[in-house]
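Letter by letter, the chains look like this.
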Amino acid sequence: MTTTAMTRAQAFWRGYLDCAPFILIVVPYSMLFGVVARDAGLDVLQTMSMSVLVIAGASQFTALALLQDQAPVFIALLAALAVNLRMAMYSAALVPHVGHARLGTRVLMSYLMVDQAFAVAVKTYEEQPGMSPAAKVAYYFGCMVLICPFWYGCTLLGALLGRAIPESYALDFAVPVCFIALTAPLLRSLPHVFAALISSLAAIAFAWLPWSLGLIVAALIAMTAGAQAELWLRRRQESRS
Amino acid sequence: MIDNTAFWTLTVLLGLGTFLIRFSFLGLFGRRSLPDWALLHLRYTGVAVFPALVTPLVLWPEATGGTPDPTRILAALAAFLIGLRGSVVGAIIAGMGTLYVLQYLSQFV
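Every chain begins its residue count from 1, and numbering advances along the sequence as written. Starting at A for chains and at 1 for ligands, labels are handed out in the order in which the entities are written. For this predicted model, a pLDDT threshold of at least 70 governs which residues receive local features, and a threshold of 80 or more governs which side-chain atom pairs are given and counted, while totals over whole chains, interfaces and linings are taken from all residues.

1. With respect to the overall build of chain A
Then, number 1: The helix count covers DSSP runs of H or I at least four residues long, the strand count covers runs of E at least two residues long, and both are numbered beginning at the N terminus. Looking only at helices and strands, one finds 12 helices and 0 strands in chain A.
Then, number 2: Listing the helices and strands of chain A from first to last along the sequence gives α-α-α-α-α-α-α-α-α-α-α-α.
Then, number 3: As defined in this context, the radius of gyration uses C-alpha atoms, and a globule is described by 2.2 Å times the residue total to the power 0.38. Taking 2.2 N^0.38 as the reference for a compact globule, 241 residues should give roughly 18 Å; the C-alpha atoms of chain A span a radius of gyration of 19 Å, in line with that estimate.
Then, number 4: Along the three orthogonal principal directions, the C-alpha set of chain A runs to about 65 × 45 × 35 Å.
Then, number 5: Here exposure depends only on C-beta density: within 10 Å of a residue's C-beta, 20 or more other C-beta atoms make it buried, 12 or fewer make it exposed, and intermediate numbers make it partly exposed, the C-beta atoms being placed from the backbone. Expressed as a percentage of the 241 residues in chain A, the buried residues total 51%.
Then, number 6: With C-beta atoms placed from the backbone, a contact is any residue pair whose C-beta atoms sit within 7 Å. The long-range share in chain A, meaning contacts at least 24 apart out of those at least 6 apart in sequence, stands at 75%.

This is the structure in C-alpha cells:
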C-alpha cells in the first residue's frame, strides 16, 4: 500500500474493509447482550435504548448484572463508567490524528468510539504517516459505519430471538478472542511487546481492585513501561553511534 | 425484576457519562497539540489496555464461575499465535474453533 495521497473516499472504504473482520465478533456479542437483557426482564425498547445510548458492550453487561442484583443505581453507574474509563485513553490517543476536525465531527466521533475502531484506526495512522488529516477522519468513519449498524441490528435480533441461542456456543469467549485479535498486530516493536507483557502481569497483580479499576491501573503502568522502554532503547542507540 | 425508574436513570446517565469519557480529550484538546511526553505514552495505549482486559477474562472466565479452564487458555493461545501472523479472521476462527474442538473432545476424557 502506498502512502501517496489517499482521497477521502478511498480512506473511508479502506476503513470499512479493515474493520470488516470484526463483524465476526460484533454479531455474536451484541446478540448475546440482547438475549441477556431480555432474560434480565428488560423489554425490547429498553434493551435497544441501552445499546443505542451507550454502545459499549462490557459496561452494558456490568450495569445489567448489578441492576439485577438490586445494587443501588449509583453503584451500578460508577461500576459501568469505570469499565469505560479506558476510552479516555483512546480519546487522548486520537487527538494527534483527528483532533483537527470540527467540533460537530468530534462529537460524532466520540459517540462512535469503540475498541475495534480505535485499534484499527490508530494502527493504520501509525503505519501510514503520509495520510492527510481529512483522510484520517474519513478512515475512522469508515471503520464505524460498518460496525454500528451490526451492533444495533444484532442486539435487536438477540432481544427478539432470546433463548433460542444455546449457551454451549460459549459466545462469552468471543470477547477475549476479539481483544487478542486486536492486540497481536500491535506488537510491532520491542517496547510494544514489553508494554503488553507488563499490562498482562499488572492486570493479574491488580485483579483484586473493585469496579474493574485494576484495568485502569494496569493500563497506566503498561503505558509508562512502554514509553520508558522506548526512551531506553533510543538512549542506547545514541550512545552507540 | 429490574425497576423501571432505576433502569432509565442508569441508562441515560451511563450513556451521558460514557459519551463524556469518550469526548474528554478529543473535545478539550482537539485543536491543541499535545506535549511530546504525552504522545510518547499514548503510542502504547492499545498494547497497555487490551492485554489487561483479556488476561482476567481468559484466566478466570465468568462462564466457569471464575475457575481457570485449560480449554479457554489454550484457545486464547491459539488465537494469539494466529493473530501474530496478522490475520484477524484467522485469530477469531482459531480461538473459537480451538475452544469448540477442545470442549467437544473433553466430553470423552
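The structure having been displayed, the exposition proceeds.
2. Section: the overall build of chain B
Then, number 1: Tallying secondary structure elements over chain B gives 5 helices and 0 strands in all.
Then, number 2: Put simply, chain B runs from its N terminus to its C terminus through helices and strands in the order α-α-α-α-α.
Then, number 3: For chain B, the C-alpha radius of gyration of 20 Å lies well beyond 13 Å, the compact-globule estimate for 109 residues.
Then, number 4: With respect to the principal axes defined by its C-alpha atoms, chain B has extents near 60 × 45 × 25 Å.
Then, number 5: Buried positions account for 45% of the 109 residues belonging to chain B.

3. Quick look at the domain arrangement of chain B
Then, number 1: According to the domain assignment, chain B consists of domain 1 (1–32) and domain 2 (35–108).
Then, number 2: In this entry, domain limits derive from an automatic or database-based domain assignment. A separation of 28 Å is found between the C-alpha centroids of domain 1 of chain B and domain 2 of chain B.

4. Concerning the UniProt feature "transmembrane region" (unreviewed entry) in chain A
Residue and element names in this part refer to chain A.
Then, number 1: Mapped onto this numbering, the UniProt entry annotates "transmembrane region" (unreviewed entry) at residues 20–37, 49–67, 73–95, 137–162, 169–187 and 193–226.
Then, number 2: Spanning residues 20–37, this segment combines 83% helix with 0% strand, and its end C-alpha atoms are found 26 Å apart.
Then, number 3: Helix makes up 96% of residues 137–162 and strand 0%. Its end C-alpha atoms lie 37 Å apart. UniProt positions are given in the numbering used here, feature names are shortened, and annotations may be inferred rather than shown by experiment.

5. A look at the interface of chain A and chain B
Then, number 1: Taken together, the contact between chain A and chain B spans 79 residues of the former and 63 residues of the latter.
Then, number 2: If you tally residues by element for the side of chain A that touches chain B, the top one is helix α6 (residues 86–98) of chain A, at 11 residues.
Then, number 3: Residue composition of the side of chain A that touches chain B, by class: 59 nonpolar, 16 polar and 4 charged. Here the term charged refers only to Asp, Glu, Lys and Arg, the term nonpolar to Ala, Val, Leu, Ile, Met, Phe, Trp, Tyr, Cys and Pro, and the term polar to all other amino acids, Gly among them.

6. Concerning the domain arrangement of chain A
Residues and elements named next belong to chain A.
Then, number 1: According to the domain assignment, chain A consists of domain 1 (8–166) and domain 2 (187–241).
Then, number 2: With centres defined by C-alpha atoms, the gap from domain 1 to domain 2 works out at 25 Å.
Then, number 3: Across the contact, 7 residues belong to domain 1 and 6 residues belong to domain 2.
Then, number 4: Among the elements of the structure, α5 (73–84) and α6 are those that each provide at least two residues to the side of domain 1 that touches domain 2.
Then, number 5: Counting residues per element, the side of domain 1 that touches domain 2 draws most heavily on α5, at 4 residues.
Then, number 6: Per-class residue counts for the side of domain 1 that touches domain 2 are 6 nonpolar, no polar and 1 charged.

7. As for α5(A)
Then, number 1: What a helix is expected to span follows from its residue count: subtract one and scale by 1.5 Å. Compared with an ideal rise of 1.5 Å per residue, which puts 12 residues at 16 Å, α5(A) spans 17 Å between its outermost C-alpha atoms and is within 8% of the ideal.
Then, number 2: Every buried residue of α5(A) is listed here: A76(A), L77(A), A80(A), L81(A), A82(A), V83(A) and N84(A).

8. Topic: the packing of helix α11 (residues 190–205) of chain A against helix α3 (residues 45–59) of chain B
Then, number 1: Note on geometry: axes are C-alpha line fits, over the in-contact stretch for helices, and angles between N-to-C directions span 0 to 180 degrees. It is the contact of α11(A) with α3(B), at a shortest axis distance of 7 Å, that shows an interaxial angle of 40°. The angle between α11(A) and α3(B) places the two elements in the oblique class. Considering only the axes of α11(A) and α3(B), their crossing is right-handed. When α11(A) is examined against α3(B), the residues H192(A), A195(A), A196(A), S199(A), S200(A), A202(A), A203(A) and I204(A) are found in contact with a partner set consisting of V47(B), A48(B), P51(B), A52(B), T55(B) and P56(B). Oblique is the label for any angle not under 35 degrees, not over 145, and not in the 65 to 115 range, which are roughly parallel, roughly antiparallel and roughly perpendicular in turn. By convention, the crossing between two helices is left-handed when the near helix turns anticlockwise from the far helix through less than a right angle, and right-handed when the turn is clockwise.

9. Digging into the confidence of the model for chain B
Then, number 1: For every residue, the predictor reports its confidence as pLDDT, a number between 0 and 100. The predicted model of chain B averages 88 in pLDDT, with 100% of residues at 70 or higher.
Then, number 2: Predicted complex metrics record ipTM = 0.85 and pTM = 0.83.

10. Here's the deal with the environment of A195(A)
Then, number 1: The residue A195(A) is located in helix α11 in this model.
Then, number 2: When the 32 C-beta atoms within 10 Å are taken as the criterion, A195(A) is described as buried.
Then, number 3: Sequence separation of A195(A) and A219(A) is 24 residues, and the distance between their C-alpha atoms is 8.9 Å.
Then, number 4: In contact with A195(A), not counting residues within four places along its chain, are A222(A), M223(A), A225(A), G226(A), Y44(B), V47(B) and A48(B).

11. A word on the UniProt feature "transmembrane region" (unreviewed entry) in chain B
Residues and elements named next belong to chain B.
Then, number 1: Those places that UniProt annotates as "transmembrane region" (unreviewed entry) correspond, in this numbering, to residues 6–29, 41–61 and 73–102.
Then, number 2: The straight-line gap between the two end C-alpha atoms of residues 6–29 is 34 Å; of that span, 96% is helix and 0% is strand.
Then, number 3: The span residues 73–102 is 90% helical and 0% strand by assignment, and the distance between its end C-alpha atoms comes to 11 Å.

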